[in-house]
Amino acid sequence: MKNTLGSSTKLILLHPYIQKQGSSNRFWALAFVSFLTLAFLLTLIYTRESKITTSVTVASTITSSSTPPLSKAVARALVHYASNSNNTEHMSYTDIKHIADVLQKCSHPCNLLVFGLTHETLLWKALNHNGRTVFIDENRYYAAYIEEKYPEIEAYDVQYTTKLSEMKELIAGVKEQVRNECKPVQNLLFSECKLGLNDLPNQFYEVDWDVILVDGPRGYWPEAPGRMSAIFTASVLARSKKGGNPKTHIFVHDFNQQVDRITSDEFLCKENLVKSKDMLGHFVLERMDANSFQFCRNHNSTTANSSS
């Protein structure tokens, strides 16, 4: 008898290759979808970061370019009230105004370096609106006090190793080392010149200073440090500029004092003297070649026949 089940039922066999092929297709489909998802996420993240970066850059550019310099009216008011202070040690109106006029013409942002924390400290900071103003003082406690009281003030203390009574010897030492440690063009951070200040923060020596005011350190007795180091350092910083305006305005207050005048003649040079009135000397120095080994072109030493 024949099996009736066999004649009425169809037996279907699935070849193993067919099963593997379907599984493989699903795998590649899943991989393709995953790839598209990952690509979409990466594109989204990159686009978002690019927009943020662009927005920050544009905002920064707008802020820096749209911030106006201090108006002349405000500058005149500041100069007026500072020069009419009851403080007996304040600068005269003529001296303050001369410095203020140069700061007004300084290209923004202007880099201003001031030797000495004085009655005019806040004035210089205000007049150099949107610029960088740095103060150097020999009294570390007073520098810390000023920074604590006025957080917007950037001040550093420095230890002067010079004595006023040693002015002649110090100037003679510079002349002896003018081709080595005391070159007019150099990075003072690595210098051992006795008149060079080399213990300030590293980034200080990388700034291209546009205006430098020497109004410190204080004191004119024999053991006082004098302003020889400040004037020498200012002259080297001006001549060693890497960029920015090739000219640097240097003001020496108390220019009527013999020591300041002699040191200025030696390192800032008479041919660079723009104006000398009241107690202020105004010099304009230009950037010099690194192979220059002479401070002044027309140099007639004033120390030989001068007493300290």
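Residues numbered from 1 in each chain as written. Predicted model: local features only at pLDDT ≥ 70, side-chain atom pairs only at ≥ 80, totals over all residues. Heavy atoms only, no water.

- The chain goes by Polysaccharide biosynthesis domain-containing protein in an unreviewed UniProt entry, where it is assigned to Anisodus acutangulus.
- Its UniProt record, at the heading Subcellular location (unreviewed entry), says of the chain: "Golgi apparatus membrane". (UniProt positions renumbered as here; feature names shortened; annotations may be inferred.)

## Notes on the nonpolar core
Item 1. Of all hydrophobic cores here, the largest spans 44 residues; its most connected members are Leu 113, Phe 115, Ile 136, Phe 232 and Phe 295.
Item 2. Contributing elements (two or more residues each) for this core: strand 1 (111-115), strand 2 (132-137), helix 7 (167-176), strand 4 (211-214), helix 8 (228-239), strand 5 (247-253), helix 9 (258-267) and strand 7 (280-286).
Item 3. When residues in this core are grouped by element, the largest group, eight residues, is from helix 8.
Item 4. When near neighbours in sequence (up to four residues on either side) are disregarded, Leu 113 contacts Val 134, Ile 136, Phe 204, Trp 209, Val 211, Ile 212, Leu 213 and Leu 237. (Core = buried A, V, L, I, M, F, W, Y, C linked by side-chain atoms within 4.5 Å. Buried < 20%, exposed > 50% of the residue type's maximum accessible area, 1.4 Å probe, protein only. Helix = DSSP H or I, 4+ residues; strand = E, 2+ residues; numbered from the N terminus. Contact = heavy atoms within 4.5 Å.)

## Quick word on the packing of helix 3 (residues 72-83) against helix 4 (residues 93-105)
Item 1. At a minimum axis distance of 9 Å, the contact between helix 3 and helix 4 shows a crossing angle of 155 degrees. If you check the angle between helix 3 and helix 4, you find them roughly antiparallel. Handedness of the helix 3/helix 4 crossing: right-handed. Side by side, helix 3 and helix 4 meet where Lys 72, Ala 75, Val 79, Ala 82 and Ser 83 of the first sit next to Tyr 93, Ile 96, Lys 97, Ala 100 and Gln 104 of the second.
Item 2. Among the residues forming the contact of helix 3 with helix 4, the class breakdown is six nonpolar, two polar and two charged. (Axes fitted to C-alpha atoms, helices over the stretch in contact; angles between N-to-C directions. Parallel < 35°, antiparallel > 145°, perpendicular 65-115°, else oblique. Left-handed = near helix turned anticlockwise from the far one by under 90°. Nonpolar A, V, L, I, M, F, W, Y, C, P; charged D, E, K, R; others polar.)

## Structural notes on the environment of Ala 143
Item 1. In this structure, Ala 143 sits in helix 6 (residues 140-149).
Item 2. C-alpha of Ala 143 to C-alpha of Gly 116: the two residues are 27 residues apart in sequence and 9.6 Å apart in space.
Item 3. Look past the residues within four positions of Ala 143 in its chain and what remains in contact with it is Leu 117, Ala 155 and Asp 157.

## A few points about the sheet that holds strand 6 (residues 273-277)
Item 1. Spatial ordering of the open sheet is given by 3-2-1-4-5-7-6, a layout of seven strands whose pairing is mixed. Of all the strands in the sheet, just strand 3 (154-157) and strand 6 have a single pairing partner and so form its edges. For this sheet the average axis-to-axis angle between neighbouring strands, irrespective of direction, equals 15 degrees.
Item 2. Sheet topology places strand 2 next to strand 3; four bridges connect them, and they run parallel. (Pairing = 2+ DSSP bridges.)

## A short note on the pairing of strand 1
Item 1. Summarising burial for strand 1: five of the five residues are buried, a large majority.
Item 2. Relative to strand 2, strand 1 runs parallel, the two sharing five bridges. Each residue of the ladder has a partner; that of Asn 111, found in strand 2, is Arg 132.
Item 3. In the classification by handedness, the crossover that spans strand 1, the intervening helix 5 (residues 121-127) and the parallel strand 2 is right-handed.
Item 4. Pairing analysis gives four bridges linking strand 1 to strand 4, with the strands arranged parallel. Opposite Val 114, over in strand 4, you have Leu 213 as the bridge partner. (Right-handed = clockwise from strand over helix to strand, strands pointing away.)

## Section: the confidence of the model for the chain
Item 1. Looking at the chain, the pLDDT average stands at 82 and 73% of residues meet or exceed 70.
Item 2. Within the model, pLDDT remains below 50 along residues 1-21, and this stretch shows one contact once partners closer than five positions in the same chain are excluded. (pLDDT = per-residue confidence, 0-100.)

## What to know about the packing of aromatic side chains
Item 1. Under the definition given, this model contains seven aromatic pairs.
Item 2. Seen in terms of ring centroids, Phe 204 and Tyr 205 are 5.1 Å apart; in terms of plane orientation they differ by 85 degrees. Their pairing is edge-to-face.
Item 3. For Tyr 205, a relative accessible area of 11% translates into the label buried.
Item 4. By the ring-pair criterion, three or more aromatic residues cluster together here, those being Phe 204, Tyr 205 and Trp 209. (Phe/Tyr/Trp six-rings, centres within 6.5 Å; stacked < 30°, edge-to-face > 60°.)

## Overview of the packing of helix 7 against helix 9
Two quantities define a packed helix pair, namely the angle between the helix axes and the distance between the axes.
Item 1. Between helix 7 and helix 9, whose axes approach to 12 Å, the crossing angle comes to 5 degrees. One way to sum up the angle between helix 7 and helix 9 is to call them roughly parallel. Residues Met 167, Ile 171, Val 174 and Lys 175 of helix 7 pack against Val 259, Ile 262, Thr 263, Glu 266 and Phe 267 of helix 9.
Item 2. For the contact of helix 7 with helix 9, a count of residues per class yields six nonpolar, one polar and two charged.

## Re the pattern of salt bridges
Item 1. Inspection of the entire model under this criterion finds 10 salt bridges.
Item 2. The salt bridge partner of Asp 101 is Lys 97, with a shortest N-O separation of 3.0 Å. Placement of the pair is Asp 101 and Lys 97 together in helix 4, with a separation of four residues, close to one helical turn.
Item 3. By relative accessible area, which is 32% here, Asp 101 ends up partly exposed.
Item 4. For Asp 254, the salt bridge is made with Arg 227, and the minimal N-O distance between the two is 3.2 Å. (Salt bridge = Lys/Arg side-chain N within 4 Å of Asp/Glu carboxyl O.)

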